[in-house]
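Architecture and fold: a report
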Amino acid sequence: MENIKIVLPAVVTIANTSERRIGFVPYRENFTSYLEAGSTVELEAQTAGQVLYYLAQATEGLEVTQTAKA
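Residues numbered from 1 in each chain as written. Predicted model: local features only at pLDDT ≥ 70, side-chain atom pairs only at ≥ 80, totals over all residues. Heavy atoms only, no water.

1. Remarks on the overall build of the protein chain
How we decide: Secondary structure elements follow DSSP: runs of H or I no shorter than four residues count as helices, runs of E no shorter than two count as strands, and numbering proceeds from the N terminus. To get the radius of gyration, use the C-alpha atoms; to get the globule rule, take the number of residues to the power 0.38 and multiply by 2.2 Å. For accessible areas, the Shrake-Rupley method is used with a probe of radius 1.4 Å. Any residue's cover is judged against the shown protein chains and nothing else. Positive charges come from Lys and Arg, negative ones from Asp and Glu, while His and the chain ends are left out of the count. The location of each charge is read from NZ of Lys, CZ of Arg, CG of Asp or CD of Glu.
Along the backbone of the protein chain there are one helix and five strands. Listed by position from the N terminus, the elements making up the protein chain come as β-β-β-β-α-β. Scaling as 2.2 N^0.38, a compact globule of 70 residues should have a C-alpha radius of gyration of about 11 Å, and the protein chain matches this with 12 Å. A total accessible area of about 4,800 Å² is found for the protein chain, and carbon and sulfur atoms account for 49% of it. Mean positive and mean negative side-chain charge positions of the protein chain (5 and 8 charges, respectively) differ by 7 Å.

Have a look at this one:
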């Protein structure tokens, strides 16, 4: 397992690298949002919990990265 350094506030980028539509669940919501193939979404995160929540959703075809907000 790699070490993760989280600098807050952060920007979480979720990218669909597959050739099909893939869903993810927004933080503290009870619905699924879908990304079309090749699409990305950037979300601001204020807590480490939010960042870890999104990082845990990385699956085959769904790449999740985080960086410090500029």
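2. Quick look at the packing of aromatic side chains
Using the following cut-off: Think of it this way: a Phe, Tyr or Trp ring, Trp meaning its six-membered ring, pairs with another when their centres are within 6.5 Å, and the plane angle makes it stacked under 30 degrees, edge-to-face over 60, tilted otherwise. Two thresholds decide whether a charge sits over a ring: the Lys NZ or Arg CZ must be within 6 Å of the ring centre and within 35 degrees of the ring normal.
In the structure shown here, the tally under the stated rule is two aromatic pairs. Considering the side-chain rings of Tyr53 and Tyr54, the 5.6 Å spacing of their centres and the 75° angle between planes classify their relative orientation as edge-to-face. Put simply, the rings of Tyr27, Tyr53 and Tyr54 touch in pairs and so form one group of aromatic residues. Above the face of the Tyr34 ring, Arg21 is positioned so that its terminal group lies 4.1 Å from the ring centre.

3. What to know about the nonpolar core
Heads up, the rule is: Among the buried residues, those of types Ala, Val, Leu, Ile, Met, Phe, Trp, Tyr and Cys that are joined through side-chain atoms within 4.5 Å form a nonpolar core. Burial classes follow relative accessibility: with a 1.4 Å probe on protein chains only, a residue under 20% of its type's maximum area counts as buried, one over 50% as exposed, and anything between as partly exposed. Contact between two residues is taken to exist if any of their heavy atoms lie within 4.5 Å; hydrogens are not considered.
Membership of the largest hydrophobic core is limited to eleven residues, which are Ala10, Val12, Ile14, Ile22, Phe24, Leu35, Ala45, Val51, Tyr54, Leu62 and Val64. Counting only elements with at least two residues in this core, the list comes to strand S1 (10-16), strand S2 (22-24), helix H1 (48-55) and strand S5 (62-68). Here the element with the most residues in this core is S1; it accounts for three residues. Contacts of Phe24, omitting those with residues within four sequence positions, involve Ile14, Phe31, Thr32, Ser33, Leu35, Val41, Leu43, Tyr54, Gln57 and Leu62.

4. A closer look at the sheet that holds S1
Rule in force here: Here, any two strands with at least 2 DSSP bridges between them count as paired. Simply put, an axis is a line fit to the C-alpha atoms, just over the touching stretch for a helix, and the angle between two N-to-C directions goes from 0 to 180 degrees.
Ordered by their spatial adjacency, three strands build an open sheet running S4-S1-S5, and the pairing between neighbours is antiparallel. Only two strands of the sheet have a single partner each, and these edge strands are strand S4 (40-45) and S5. The mean angle between the axes of side-by-side strands here comes to 20°, regardless of whether they run parallel or antiparallel. Note: S1 against S4, six bridges, orientation antiparallel. Its bridge partner being in S4, Thr13 is matched across the sheet by Glu42.

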